[in-house]
Amino acid sequence: MYRMPGAGIGVAGGGVGTLAATGADVGWWLAVGVLLVLLGTVALIAVHRRNRRLSRARE
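From a predicted model like this one, the values you see are computed outputs, not experimental measurements.

1. Notes on the overall build of the protein chain
Then step 1. Across its full length, the protein chain carries 2 helices and 0 strands.
Then step 2. Accessible surface, the protein chain: about 5,200 Å² in total, of which carbon and sulfur atoms supply 68%.

Here it is as structure tokens:
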């Protein structure tokens with residue numbers, strides 16, 4: 001049987017690469033992806049508001 005590098009007994013629960021390669025726990029990866037998209041959107045909105053506020057203060 002083929003075994004992914006880093007998927008040995010010494011790695012508790014397998015590595016991130018092992019989970020991604022095997023497709024195990026896809027729901028977890030989807031949740032992390034959605035969280036990253038939401039955090040990125042919030043960061044972009046915050047930067048846009050800050051820049052708009054700073055440009056008004058310069059006028």
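2. Side note on a nonpolar patch on the surface
Then step 1. A cluster of nonpolar side chains, Leu 35, Leu 36 and Leu 39, forms an exposed patch at the surface whose accessible area comes to about 310 Å².
Then step 2. Looking at where Leu 35 falls in the secondary structure, it is placed in helix α2 (residues 26–58).

3. Section: the UniProt feature "transmembrane region" (unreviewed entry) in the protein chain
Then step 1. Per the UniProt record, "transmembrane region" (unreviewed entry) is found at residues 30–48.
Then step 2. Helix makes up 100% of residues 30–48 and strand 0%. Its end C-alpha atoms lie 27 Å apart.

Cut-off values and rules
Residues numbered from 1 in each chain as written. Predicted model: local features only at pLDDT ≥ 70, side-chain atom pairs only at ≥ 80, totals over all residues. Heavy atoms only, no water. Helix = DSSP H or I, 4+ residues; strand = E, 2+ residues; numbered from the N terminus. Areas by Shrake-Rupley, 256 points an atom, 1.4 Å probe, with all protein chains shown as cover. Patch = residues over 30% accessible without salt bridge, like charges linked within 9 Å, V, L, I, M, F, W, Y side chains within 5 Å. Salt bridge = Lys/Arg side-chain N within 4 Å of Asp/Glu carboxyl O. UniProt positions renumbered as here; feature names shortened; annotations may be inferred.

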